[in-house]
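Now for the letters of each chain:
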Amino acid sequence: MALEQIGKAEYINQLLSRIELLVQSNNADEAPPIMDTLNSELKRWCESDNPPTAEQLMVVQANINNISKQANAVKNESSKAIIKQKKTGKAISAYKSV
């Protein structure tokens, strides 16, 4: 594996790690600029003279899938919390009106 490939793979992994940290800290709304950079870097790498191997791309895809699963889980938990809060607010309002 060429040194250039190792450097690009490491940079891609750093970007993925930053996105994952944002998702885990419930700040996924700050991830789009990093995701744009990730997309650009992946495209540039794939079009370069030393493109990634199929194995490297599979690892990147697995990381992206893992982060997506985490983001969906966080989103689902947030949605459940909002629904619960709304139900609680309606119950309190109904109780006060009695």
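Please read these numbers as outputs of a predicted model, since none were measured by experiment.

### Overview of unusual backbone geometry
Consideration 1: Despite not being glycine, Asn-26 has its phi angle at roughly 60°, a positive value.
Consideration 2: Mapped onto the fold, Asn-26 is located in the loop between helix 1 (3-24) and helix 2 (32-46).

### Side note on the nonpolar core
Consideration 1: Membership of the largest hydrophobic core comes to 14 residues, with the highest contact counts inside it found for Ile-12, Leu-16, Ile-19, Leu-38 and Leu-42.
Consideration 2: Counting only elements with at least two residues in this core, the list comes to helix 1, helix 2 and helix 3 (54-97).
Consideration 3: Take this core: its biggest share by element is seven residues, from helix 1.
Consideration 4: Excluding its chain neighbours within four sequence positions, the residues that come into contact with Leu-42 are Ile-12 and Val-60.

### Quick word on the pattern of salt bridges
Two side chains that carry opposite charge are able to pair once their charged atoms sit near each other.
Consideration 1: Within the structure shown, the criterion is met by two salt bridges.
Consideration 2: The salt bridge partner of Glu-41 is Arg-44, with a shortest N-O separation of 3.2 Å. With a gap of three residues between them, Glu-41 and Arg-44 both fall in helix 2, about one helical turn apart.
Consideration 3: Note that Glu-77 and Lys-80 form a salt bridge whose closest N and O atoms lie 3.7 Å from each other. Here Glu-77 and its partner Lys-80 are both found in helix 3, three residues apart, which amounts to about one turn of the helix.
Consideration 4: What makes Lys-80 exposed here is its relative accessible area of 53%.

Conventions we followed
Residues numbered from 1 in each chain as written. Predicted model: local features only at pLDDT ≥ 70, side-chain atom pairs only at ≥ 80, totals over all residues. Heavy atoms only, no water. Helix = DSSP H or I, 4+ residues; strand = E, 2+ residues; numbered from the N terminus. Core = buried A, V, L, I, M, F, W, Y, C linked by side-chain atoms within 4.5 Å. Buried < 20%, exposed > 50% of the residue type's maximum accessible area, 1.4 Å probe, protein only. Contact = heavy atoms within 4.5 Å. Salt bridge = Lys/Arg side-chain N within 4 Å of Asp/Glu carboxyl O.

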